[in-house]
Amino acid sequence: MPKYVLTGADGKLGSAAAAFAAEIAKPEDKLVFTAYKLSNIPKESLEAWQAKGIEVAGASYDDTASLLAVFQGADAVSMVSTWAFGDRPKQAARVIEAAQQCGVRRLCYTSFVGAGLEVEKEEDLPFLPRDHARIEKLIKASGLEYNIQRNYLYQDNIAELFVPSWPFCGDSWLNNTHHVRAAYVARDDCGRVLAALLLGRGQPNKVYHVTGPEAVTDGQIMDWICDQTGYQCEFIDMPDAELRRWWADRGLPEDAATGDFSGLPMKLCMEDLLCCGEMVARGYMLETSDVVERLTGRRPLRFRETLMKYKANFPVAADTSDCDHVANHCRE
Ligand SMILES: NC(=O)c1ccc[n+]([C@@H]2O[C@H](COP(=O)([O-])OP(=O)(O)OC[C@H]3O[C@@H](n4cnc5c(N)ncnc54)[C@H](OP(=O)(O)O)[C@@H]3O)[C@@H](O)[C@H]2O)c1
């Protein structure tokens, strides 16, 4: 009975992975889902998983003993990256060591596009792939078999992080992608790929680029979003330094963990914000791959399909913005 351990099963990507793993597991597979804090798992998920015979346990990348307890006898384990920028390689090292001690054969990891860029010094890498590049090196040096997925930026980021900033920015998208296209991917598809890799659908020691189905500009995405509600937004492309100044003047923190985000429309530290645009502007996400469909059997979601889920949170045209009750009244 092969045992597969999915860590971070309660997270946004992790819960998509958990749902797909539960769907595709064979009757003889033993699944273990872990969460950093068990209390974070929604009751319905916990009950649904347990009803399917899935073991649920607590395990933190900061606590070796908790990892050793769940990795015993596992064939493969998966690790998602956390938000602990800078500390993530240490967390990964703990996971790798625990996997080695437990005789785990294979490790799956959710990396990021750009982690494989050839640079002279680590500091030459853009901010976001830096930790991932270090973690990939640790994994490759560990002797464990691996499957690494390098995710493109999520389509979901646009709805969750950028759209809420538009009204704050004077009904404009202050942007540093310089009109370059990018094949943004649905987070749900990244989660499904993780499950597929964990359950053995990948090739040994292979790195997969997980992309959306089409490369589009941020301007095209913005226009589509505006069309959904009639909201009017201006696309303003800026040099990185100017965008940095604009947000610094409004107190955007440099550090995601310790910064004060109250009064700001998004929880994205300065380097993260700038790097999202930089990754696109440098053309790192122009190419599409067939990885999502090949590993999951479902074609990758288009941005319109993903973003429709967030429509209730899109800004609306100024003349109707707080007048839902008026609109309802008129319809009656
Ligand atoms: N490609 C992209 O566009 C993109 C965008 C955003 C993020 N990312 C990367 O992808 C990762 C996953 O993203 P996401 O959207 O799924 O975010 P997320 O839900 O916050 O995922 C992070 C996961 O790590 C878990 N975690 C935190 N600290 C941990 C610890 N010490 N030990 C074990 N698990 C721990 C979290 O558990 P709790 O939920 O219980 O805290 C959560 O399950 C992010 O952390 C980031 O590195 C990529």
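Residues numbered from 1 in each chain as written. Predicted model: local features only at pLDDT ≥ 70, side-chain atom pairs only at ≥ 80, totals over all residues. Heavy atoms only, no water.

A short note on unusual backbone geometry
Even without being glycine, Asp171 reaches a positive phi, approximately 55°. Its place among the elements puts Asp171 in the loop between α7 (165-168) and β7 (172-175). Look at His178: it is not a glycine, yet its phi comes out positive at around 55°. Relative to the helices and strands, His178 is located in the loop between β7 and α8 (187-198). Residue classification places His178 among the partly exposed residues on the basis of a relative accessible area of 36%. (Helix = DSSP H or I, 4+ residues; strand = E, 2+ residues; numbered from the N terminus. Buried < 20%, exposed > 50% of the residue type's maximum accessible area, 1.4 Å probe, protein only.)

Brief notes about the site of the ligand
Close to the ligand lie 23 residues, the nearest being Asp10, Leu13, Asn40, Tyr61 and Ser81. Arg88 places a side-chain nitrogen or oxygen 2.9 Å from an oxygen atom of the ligand. Here a nitrogen atom of the ligand and a backbone polar atom of Tyr152 are 3.1 Å apart. Burial of the ligand by the protein chains amounts to 86% of its free accessible area of 880 Å². Secondary structure elements with two or more residues in the shell around the ligand: α1 (12-24) and α4 (88-101). (Near = heavy atom within 4 Å. Polar contact = N/O pair within 3.5 Å; in protein donor to acceptor, adjacent residues only side chain to side chain. Areas by Shrake-Rupley, 256 points an atom, 1.4 Å probe, with all protein chains shown as cover.)

What to know about the side chain of Thr217
Its location among the elements puts Thr217 in the loop between β8 (206-210) and α9 (218-229). Thr217 sits in the buried class, given a relative accessible area of 16%. Those residues in contact with Thr217 that lie beyond four places of it in its chain are His179, Val180 and Arg181. (Contact = heavy atoms within 4.5 Å.)

Topic: the confidence of the model for the protein chain
With 96% of its residues at a pLDDT of at least 70, the protein chain reaches an overall mean of 94. Across residues 319-332 the pLDDT falls below 50, and counting only partners more than four positions away or on other chains, this stretch makes 1 contact in the model. (pLDDT = per-residue confidence, 0-100.)

Observations regarding the nonpolar core
The nonpolar side chains of soluble globular proteins are, as a tendency, buried together. With 109 residues, the main nonpolar core has Phe71 and Trp247 as its most contacted residues. For Phe71, the residues in contact, after removing those within four places along its chain, are Lys3, Val5, Thr7, Val77, Val95, Ala98, Ala99, Cys102 and Val104. (Core = buried A, V, L, I, M, F, W, Y, C linked by side-chain atoms within 4.5 Å.)

Thoughts on the pattern of salt bridges
For the structure on display, the rule yields 24 salt bridges. The partner of Asp62 in a salt bridge is Arg94, with the nearest N and O atoms 3.2 Å apart. Placement of the pair is Asp62 in the loop between β3 (55-58) and α3 (64-71) and Arg94 in helix α4, with a sequence separation of 32 residues. Arg94 gets classed as partly exposed once you look at its relative accessible area, which sits at 26%. A salt bridge links Arg304 to Glu214, with the nearest nitrogen and oxygen atoms 3.1 Å apart. Pair noted here: Arg304 is in helix α13 (residues 303-308) and Glu214 is in the loop between β8 and α9, with a separation of 90 residues, a long-range link. Among the ionic contacts, a cluster of salt bridges with common partners joins Lys12, Asp156, Glu160, Arg187 and Lys309. (Salt bridge = Lys/Arg side-chain N within 4 Å of Asp/Glu carboxyl O.)

What about the packing of helix α10 (residues 240-249) against helix α11 (residues 270-281)?
The N-to-C vectors of α10 and α11 enclose an angle of 150°; their axes lie 11 Å apart at closest approach. With respect to their mutual orientation, α10 and α11 come out roughly antiparallel. In the crossing of α10 with α11, the sense of the turn from one axis to the other is right-handed. Contact residues: α10 offers Asp240, Leu243, Arg244, Trp247 and Ala248, while α11 offers Met270, Glu271, Leu273, Leu274 and Glu278. Tallied by class, the residues present in the contact of α10 with α11 amount to 6 nonpolar, no polar and 4 charged. (Axes fitted to C-alpha atoms, helices over the stretch in contact; angles between N-to-C directions. Parallel < 35°, antiparallel > 145°, perpendicular 65-115°, else oblique. Left-handed = near helix turned anticlockwise from the far one by under 90°. Nonpolar A, V, L, I, M, F, W, Y, C, P; charged D, E, K, R; others polar.)

Details of the UniProt feature "domain: NAD(P)-binding" (unreviewed entry) in the protein chain
UniProt tags residues 8-151 as "domain: NAD(P)-binding" (unreviewed entry). Secondary structure over residues 8-151 splits into 41% helix and 19% strand, and the C-alpha atoms at its two ends are 16 Å apart. (UniProt positions renumbered as here; feature names shortened; annotations may be inferred.)

What about the packing of α3 against α4?
Where α3 contacts α4, the axes come no closer than 9 Å and their chain directions differ by 40°. By the angle between their axes, α3 is oblique relative to α4. Along this stretch, α3 crosses α4, giving a crossing that reads as right-handed. Of the residues in α4, those in contact with Thr64, Leu67, Leu68 and Phe71 of α3 are Arg94, Val95, Ala98, Ala99 and Gln101. Grouping the amino acids of the contact of α3 with α4 by side-chain chemistry returns 6 nonpolar, 2 polar and 1 charged.

What about the sheet that holds strand β2 (residues 30-35)?
Spatially, the 7 strands line up as an open sheet ordered β3-β2-β1-β4-β5-β6-β8, and their pairing is parallel. This sheet does not close on itself; its edge strands, each paired only once, are β3 and β8. Each strand axis lies, on average, 20° off the axis of its neighbour in the sheet, ignoring direction. Of the strand pairs in this sheet, strand β1 (residues 3-6) and β2 are connected by 4 bridges, and their pairing is parallel. Note that in β2 the partner of Lys3 across the bridge is Lys30. (Pairing = 2+ DSSP bridges.)

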